[in-house]
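The chain contents come next:
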There are 2 protein chains.
Amino acid sequence: MKKIILPALILIASQIADAQEYAIQSPHGIVSVNFSLNKKGQASYQGFYKTKKFIEPSGMGFELKESYGLKKLPDMKSNFLLSSVDSFLVNETWDPVWGEVKTIRNNYRQYIFHLTEKDDLQRKLNIIFRVFDDGIGFRYEFPYQPNLTAFIVANELSEFHLTGNHKAFWIPGDFDTNEFQPVTSSLSEVDATFGKDVNEIAFKWGIDANTVQTPLMMKSNDGLYINIHEAALVNYPAMNLTINKDNFNLSSTLVPDAYGNKAYLLSPAKTPWRTIVVSDKATDILASKIILNLNEPSKIKNTSWIKPMKFVGVWWAMHVGTATWDYAGTQDASNVKDLKPSGRHGATTKNVKRYIDFAAKNKIDGVLVEGWNTGWEDWFGKWKENVFDFITPYPDFDVKEINRYAASKNVKMIMHHETSAAVSSYERQMDTAYRFMKRFGYPAVKTGYVGRIIPRGEHHDGQWMINHYIRIAEKTASYNIMVDMHEPVRPTGLHRTYPNWLACEAARGNEFNAWSKGNNPDHETILPFTRLMGGPMDYTPGIFEIKMSKYDSKKTEQVHTTLAKQLALYVTMYSPLQMAADLPENYEAHMDAFQFIKDVAVDWDDTKILNAEPGDYITIARKAKGKNDWFIGSITDENRREISINFDFLDKGKKYTAIIYADGDNADWKNNPMVYNISKQTVTSLSMVNLKLAPGGGCAISLKRID
Amino acid sequence: MKKIILPALILIASQIADAQEYAIQSPHGIVSVNFSLNKKGQASYQGFYKTKKFIEPSGMGFELKESYGLKKLPDMKSNFLLSSVDSFLVNETWDPVWGEVKTIRNNYRQYIFHLTEKDDLQRKLNIIFRVFDDGIGFRYEFPYQPNLTAFIVANELSEFHLTGNHKAFWIPGDFDTNEFQPVTSSLSEVDATFGKDVNEIAFKWGIDANTVQTPLMMKSNDGLYINIHEAALVNYPAMNLTINKDNFNLSSTLVPDAYGNKAYLLSPAKTPWRTIVVSDKATDILASKIILNLNEPSKIKNTSWIKPMKFVGVWWAMHVGTATWDYAGTQDASNVKDLKPSGRHGATTKNVKRYIDFAAKNKIDGVLVEGWNTGWEDWFGKWKENVFDFITPYPDFDVKEINRYAASKNVKMIMHHETSAAVSSYERQMDTAYRFMKRFGYPAVKTGYVGRIIPRGEHHDGQWMINHYIRIAEKTASYNIMVDMHEPVRPTGLHRTYPNWLACEAARGNEFNAWSKGNNPDHETILPFTRLMGGPMDYTPGIFEIKMSKYDSKKTEQVHTTLAKQLALYVTMYSPLQMAADLPENYEAHMDAFQFIKDVAVDWDDTKILNAEPGDYITIARKAKGKNDWFIGSITDENRREISINFDFLDKGKKYTAIIYADGDNADWKNNPMVYNISKQTVTSLSMVNLKLAPGGGCAISLKRID
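Below or above, wherever it landed, is the structure these notes cover. (Residues numbered from 1 in each chain as written. Chains lettered and ligands numbered in written order. Predicted model: local features only at pLDDT ≥ 70, side-chain atom pairs only at ≥ 80, totals over all residues. Heavy atoms only, no water.)

## Points about the overall build of chain A
For step 1, the next point in the chain: Helix and strand counts for chain A come out as 13 helices and 39 strands.
For step 2, the next point in the chain: Considered along the principal axes of its C-alpha atoms, chain A spans approximately 75 × 65 × 45 Å.
For step 3, the next point in the chain: Considering only contacts within chain A whose residues lie at least 6 apart along the sequence, 70% involve residues at least 24 apart.
For step 4, the next point in the chain: Looking at chain A as shown, the accessible area adds up to about 24200 Å², and 48% of this sits on carbon and sulfur atoms. (Helix = DSSP H or I, 4+ residues; strand = E, 2+ residues; numbered from the N terminus. Contact = heavy atoms within 4.5 Å. Areas by Shrake-Rupley, 256 points an atom, 1.4 Å probe, with all protein chains shown as cover.)

The following block contains the structure:
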């Protein structure tokens, strides 16, 4: 890291006696922050993008308790003196183990404000700003100090005071889930109470009408795109944002534990970074690397065993109802001891071999199998421990034979560990479970946290669970196991630090389309601006059989998509772990379209956000890792749209064979979702192509360089 | 087991239309219970000892919630119909793996009342009574039923309605600790608020002024001794008792979790047994085996590795301040990474070898070492995880060499696992820690739970922790490891089921005398009637150097005892695990008195409670397992007392050499505690001996048969 110590600090304003204000400019002067300490010793900051203010003066600080939580400590929110200021400029690059680009530039100016209380305790608090050309990050540090060793954060008082009634893309604040349909409304129109009413989510704990989750995407009336989230969420709860509808000041609402306490800290301690990405172009938001840059480098030294991959799985069949997770199909605890097979169990040796054969034949790296282990008869909604032991297969799942067969076909098996949110049980079993995986050749695990958390009193997004997820990332890493978490907290860029933590669900996935009102056609045009800001999502795209009536004539559910859009998602929804989620037989009926899924990469040397508008459309081009091939995905919301693609990102003077997977004529997500056209043409860096996206549709393009 | 199905049930009263009452008599008619269902379908019971009523009509039932705890279910406390009644008589014997007697008689009459709600849900509840000649046990069973599968006990409504304002021996109700000085008062005078004020206990959670813990010992004005406790506390929280001072009705107050919920159950489920031991003789209370009989037989099949034992340890030195648990003596987390030895660390290889030598020389089976592992610099009062890892010794503790040395001397090492109440951390480490123990030859572990429990929201005595303690008993058993728990819930006879669970602390031990106001001289005359009703206590008797001024002239603390009384405790305070708690050098100064500790057994073929009055005195004779030797202990409270012992329990026609370890002339716990007289005489079954016990004194006798 290059550090340049600035020669001097510039005090820009001290109109008010004793008040101090510091201006911090981003490396190219595009973004700036004014940090100030008023005469009461209260800290605040403002944010500017070029000439526009995007953060009004916003408060900072904490309410604290002593370490046993039995009494309050004095607040740390005023009465501060500025002891000293450190600053430096960083301009460096680093290469992620996997990612959207080969090399990431990290260029920011940092200021550390060392504050000390004037009063008897004289406690110390550092506030650190990093100002980038596309946004800011700030965090708090509690240095080690005798007057503040072990303590509890009762509340964090960080504010994000917005300049107006922005358009927002939000989901309800919650302590346990993020699997909500996003809503688009002005801030003043936010009504998050619907979060309490959604019955389709296994466990939720809504907060109030005015509280929403991050990443919160907004657009101001004067054209600024603003995204608030956090980075490096470690040993701290997740942050929700509570909207003051009178002045559009958003304040931090941390996820509590059983006692309403937020974080148990020992100095030296630091909070996650609070991030605000800002630009006048929506595409810059998607291209921003602020959140990754604010995370620590990989803690895993040898990363050679970490491999992005595509996979199929015994999974969608359970969602569409043609198979069951459980062996007996009883959902009755009293029968668990004497299980009789129902004949509908998905995870049979025979069926799994069928998936292995399909994967081997079609260049799909892995096979996930859910419902392989005992416990599924009585796993749901009981808030109980010891449901699963993670080492006992059902009688019809021959783990040894499957391991042998998959290895013979060079297919990687992906283990499934549903914890039913009984995390205390899982933690007791972790080593045993991972040893079992290594013994039977599983290089990756998908974990799940469906239900109400045990330890009772903890929440999915609280500090104890945050530490659990990281414990899983570290423990799996120690076994050279890759991990994909379902129902965890939404990510904050920790995949930089733990690159074996390939993906998370942590949002409303494609599965909801199978058995609920589903996801609106604009869902995937919003997710990259919200959930994906923190990290890859295991969204499970690739559904070809779009209407559930195919499986059961009484069903009216459907995926809110065209078939071509499902292909485009492999590019627009970045993940190093991409499922081809549909049933093999559905792919076999459309092998021409499936060719795109076979071809598309899962790791990239470059990414171009060609166009984007949250809630409307996204077009992204990506260059496959170590290859000259590009893949393009373009999607729209419920509206028909024409997109013009300029291929100027291609190598000059080279020709490319483009295969275009487009919506068919008259395609429409609701009435005619499965028609598509596949065409081939040759393009160069001088080419322009116009794409017609159907309502709820999309387009995927593969580009192979002709050498 | 012999079951005798009784031919018919006798309806003894139905004065009120529809009300039903059943009388259940103990095998010899000494105790009886009347169970009734009134016309509202409410269940209640009364208890009689001979002609005296000791329990007035007392309610039964539950308040419930659904399994996620989000809403109430209808109460189960009225509207019951009696579907059927089963009854039988049991008269059997069984031999404990270790204990106070070789063979235990289990003789009771059982009634099961099968209740069904009249209303729509028609839920079922069984109430089971077992009536013994020395008391009663009752429990509830929830049979498996579709209308009540997974559910939460919000409150148990069991009552114990006493007949008057009895004299009670009580400690404050609490969710986390039982380390209180017992108080003797009438029920109406109970004021348990002092529990909130006691600073000397690491973590406590007092309930209210009127709530006390079990075992609750009482004496009625008309001479009945009554003890209320519970047996087989499994998958359920501990019970406190809340006193209605108007009518002396005691009601169950279960220990809650973070949400105030008491127990998460899945039908079929059963509660612990609620026990009432009753007699007109105090000695019968101490001799009662009801609580053991109400527990399940051993779940451990091969018990050959389970060995009662005496031990010394690197422990008391830390209490008296001549050594420290921690290596650096800093108690400062920030220094943990760069530890410098203070020179006062107790658990050094050299010092441990000194204890091993002392044990080997004096027929002491084992050596406990506390402070051997890293973490003690910053272990206390922080409510944090990951303090200890249980496998990393301090640099001056050579675990391999100590293992070799102890084995060469045939001394058993006892491992110490202080969890600092971070139970979630310990559970993650259990297997690793026990494998480490096996590798280094440790057959037993002392666990500790000092502090506030993590998972936060749980309490030491709540359902989750109850299950944890049992998990420890089972897990240690799977490694053939014996366990001694400190700071757990008070025991309920589970050592019958898990005989490797040798002892618990779970009360105010001798250690308090070293650094607090200590334990009153009557403390050990109360404990056998209260705490020890549930199982053995690791009280750590045997302190010879009684005044702490010996170690530091400024100290005024002392053990409230004479030296001879410390010897007597090895007999009066039953445990299969007895520490010789003082420093080797203090024993070496009194080897004549130490001879009793060398000789006394820790496992017994027979026990005679020769006399006893709670709070005043206890005299017990025990016959060593497989030998003809007897040992007698006699102790008094703060009052001087003369005790006459009749030796008629000795084998007729045999002579015994009695060595009598008595208080010296003018001995007195306060002013002259360390004087003692040792005398020898020959006795037979016709002998009588008068003992003079000093204030706070006692007497110990060993009897060796002359063959």
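There is more to say, and it comes next.
## A look at the pattern of salt bridges
For step 1, the next point in the chain: For the structure on display, the rule yields 68 salt bridges over all chains.
For step 2, the next point in the chain: In this structure, Lys219(B) and Glu613(B) form a salt bridge, with 2.9 Å as the shortest nitrogen-oxygen distance. Of the two residues, Lys219(B) is situated in strand E17 (residues 216–219) and Glu613(B) in strand E31 (residues 604–613); the sequence distance between them amounts to 394 residues.
For step 3, the next point in the chain: Here the salt bridges share partners, and the residues they tie into one network are Glu156(A), Glu230(A), Arg274(A) and Arg490(A). (Salt bridge = Lys/Arg side-chain N within 4 Å of Asp/Glu carboxyl O.)

## Section: the interface of chain B and chain A
For step 1, the next point in the chain: With 39 residues of chain B at the interface, the matching set in chain A holds 39 residues.
For step 2, the next point in the chain: Taken together, both faces of the contact between chain B and chain A bury some 3400 Å²; the carbon and sulfur share is 56%.
For step 3, the next point in the chain: The largest share of the area that chain B buries against chain A comes from Tyr68(B), Tyr259(B) and Arg456(B), three residues that together contribute 23% of it.
For step 4, the next point in the chain: Across the chain B-chain A interface, the total number found is two salt bridges. (Buried area = accessible area lost by both parts, 1.4 Å probe.)

## A few points about the sheet that holds strand E29 (residues 501–504) of chain B
All names here are of chain B.
For step 1, the next point in the chain: A sheet is described by the order of its strands in space; here seven strands give the open sequence E29-E28-E27-E26-E25-E24-E30, paired in parallel fashion. The outermost strands of the open sheet, each flanked by one partner alone, are E29 and strand E30 (577–579). Adjacent strand axes in the sheet meet at a mean angle of 25°, parallel and antiparallel pairs treated alike.
For step 2, the next point in the chain: Alignment of strand E26 (residues 412–418) against strand E27 (residues 444–448), held across five bridges, turns out to be parallel. Directly across from His-416, in E27, lies its bridge partner Lys-446. (Pairing = 2+ DSSP bridges. Axes fitted to C-alpha atoms, helices over the stretch in contact; angles between N-to-C directions.)

## A few points about the packing of aromatic side chains
Residues and elements named next belong to chain A.
For step 1, the next point in the chain: Per the counting criterion, the structure on display carries 92 aromatic pairs over all chains.
For step 2, the next point in the chain: Seen from their ring centres, Phe-647 and Phe-649 are 5.9 Å apart, and the 40° between their planes marks the pair as tilted.
For step 3, the next point in the chain: Given the relative accessible area of 1%, Phe-647 is considered buried.
For step 4, the next point in the chain: On the basis of relative accessible area, Phe-649 is assigned to the buried category, the value being 12%.
For step 5, the next point in the chain: Every member of this aromatic cluster is reached through a ring pair, and the members are Tyr-22, Phe-35, Tyr-45, Phe-62, Tyr-111, Phe-113, Phe-129, Phe-138, Tyr-140, Phe-142, Phe-151 and Phe-160.
For step 6, the next point in the chain: In this structure, Lys-353 is placed above the aromatic ring of Tyr-405, and the distance from its NZ or CZ to the ring centre is 4.8 Å. (Phe/Tyr/Trp six-rings, centres within 6.5 Å; stacked < 30°, edge-to-face > 60°. Buried < 20%, exposed > 50% of the residue type's maximum accessible area, 1.4 Å probe, protein only. Lys NZ or Arg CZ within 6 Å of the ring centre and 35° of its normal.)

## Some points on the environment of Val367(A)
All names here are of chain A.
For step 1, the next point in the chain: Within the secondary structure layout, Val-367 lies in strand E26 (residues 366–369).
For step 2, the next point in the chain: Using a relative accessible area of 0% as the deciding quantity, one classes Val-367 as buried.
For step 3, the next point in the chain: When residues no more than four places from it in sequence are discounted, the contact partners of Val-367 are Phe-311, Val-312, Tyr-355, Ile-356, Ala-359, Val-411, Lys-412, Met-413 and Ile-414.

## Side note on helix H11 (residues 563–572) of chain B
For step 1, the next point in the chain: Counting buried positions over the ten residues of H11(B) gives ten, a clear majority of the element.
For step 2, the next point in the chain: For H11(B), the set of buried residues is Leu563(B), Ala564(B), Lys565(B), Gln566(B), Leu567(B), Ala568(B), Leu569(B), Tyr570(B), Val571(B) and Thr572(B).

## Focus on helix H7 (residues 423–439) of chain B
For step 1, the next point in the chain: The end-to-end C-alpha separation of H7(B) is 23 Å, in line with the 24 Å expected for 17 residues at 1.5 Å each.
For step 2, the next point in the chain: Of all the bends found along H7(B), the most pronounced is centred on Gln429(B) and spans about 55°.
For step 3, the next point in the chain: The element H7(B) is extensively covered by neighbouring structure, given that twelve of its 17 residues are classed as buried.
For step 4, the next point in the chain: Restricting attention to buried positions, one finds in H7(B) the residues Val423(B), Ser424(B), Ser425(B), Tyr426(B), Glu427(B), Arg428(B), Met430(B), Asp431(B), Ala433(B), Tyr434(B), Phe436(B) and Met437(B).
For step 5, the next point in the chain: Against the buried residues of H7(B) lie helix H7 (423–439) and helix H8 (463–478) of chain A together with helix H6 (399–408), E26, E27 and helix H8 (463–478) of chain B.
For step 6, the next point in the chain: Following H7(B) by one or two positions, Gly441(B) adopts a phi angle in the positive range, close to 75°. (Expected span 1.5 Å × (residues − 1). Bend = angle between axes of the 7 residues up to and from the residue.)

## Some words on the relation of the copies chain B and chain A
For step 1, the next point in the chain: Superposing chain B onto chain A takes a rotation of 180° plus a shift of 0.0 Å along the axis, which leaves an RMSD of 0.0 Å. Look at the turn and shift together and you get a two-fold axis relating the two.
For step 2, the next point in the chain: By residue overlap, the copies meet face to face through one surface: 100% of the interface positions of chain B are interface positions in chain A. (Least-squares fit on C-alpha atoms with pLDDT ≥ 70 in both.)

## Considerations on the nonpolar core
If you look at soluble globular proteins, the nonpolar side chains tend to sit buried side by side.
For step 1, the next point in the chain: Of all hydrophobic cores here, the largest spans 211 residues; its most connected members are Tyr45(B), Phe113(B), Phe129(B), Phe160(B) and Trp501(B).
For step 2, the next point in the chain: Of the residues forming this core, the biggest block, eight residues, is contributed by H8(B).
For step 3, the next point in the chain: Of all hydrophobic cores here, the second largest spans 209 residues; its members include Ile128(A), Ala263(A), Val367(A) and Ala581(A). (Core = buried A, V, L, I, M, F, W, Y, C linked by side-chain atoms within 4.5 Å.)

## A word on the sheet that holds strand E36 (residues 655–663) of chain A
All names here are of chain A.
For step 1, the next point in the chain: Pairing is antiparallel across the open sheet formed by six strands, whose spatial order is E32-E33-E34-E39-E36-E37. Each edge of the open sheet is held by one strand with a lone partner, namely strand E32 (604–613) and strand E37 (676–683). Sheet twist, expressed as the mean angle between neighbouring strand axes with direction ignored, is 15°.
For step 2, the next point in the chain: Of the strand pairs in this sheet, strand E34 (residues 630–636) and strand E39 (residues 698–706) are connected by six bridges, and their pairing is antiparallel. Residue pairing across strands places Ile-635 opposite Gly-698, the latter belonging to E39.
For step 3, the next point in the chain: Its contacts with the sheet place helix H11 (residues 563–572) against E32, strand E33 (617–624), E34, E36, E37 and E39, and it is angled at close to 125° to E34.
For step 4, the next point in the chain: Contacts from helix H13 (residues 591–599) reach E34, E36, E37 and E39, with the element oriented near 125° to E36.

## Regarding the pairing of strand E24 (residues 273–279) of chain A
Residues and elements named next belong to chain A.
For step 1, the next point in the chain: Among the seven residues of E24, seven are classified as buried, and the element is accordingly described as predominantly covered.
For step 2, the next point in the chain: Residues Trp-273, Thr-275, Val-277 and Ser-279 line one face of E24 and the alternating positions Arg-274, Ile-276 and Val-278 line the opposite face, and both faces are buried.
For step 3, the next point in the chain: In this structure, strand E12 (residues 135–142) lies alongside E24, joined through four bridges in antiparallel fashion. Bridge assignment links Phe-138 to a residue of E24, and that residue is Arg-274.
For step 4, the next point in the chain: Pairing between strand E19 (residues 225–231) and E24: seven bridges, direction antiparallel. The residue of E24 that forms the bridge with Ile-226 is Val-278.

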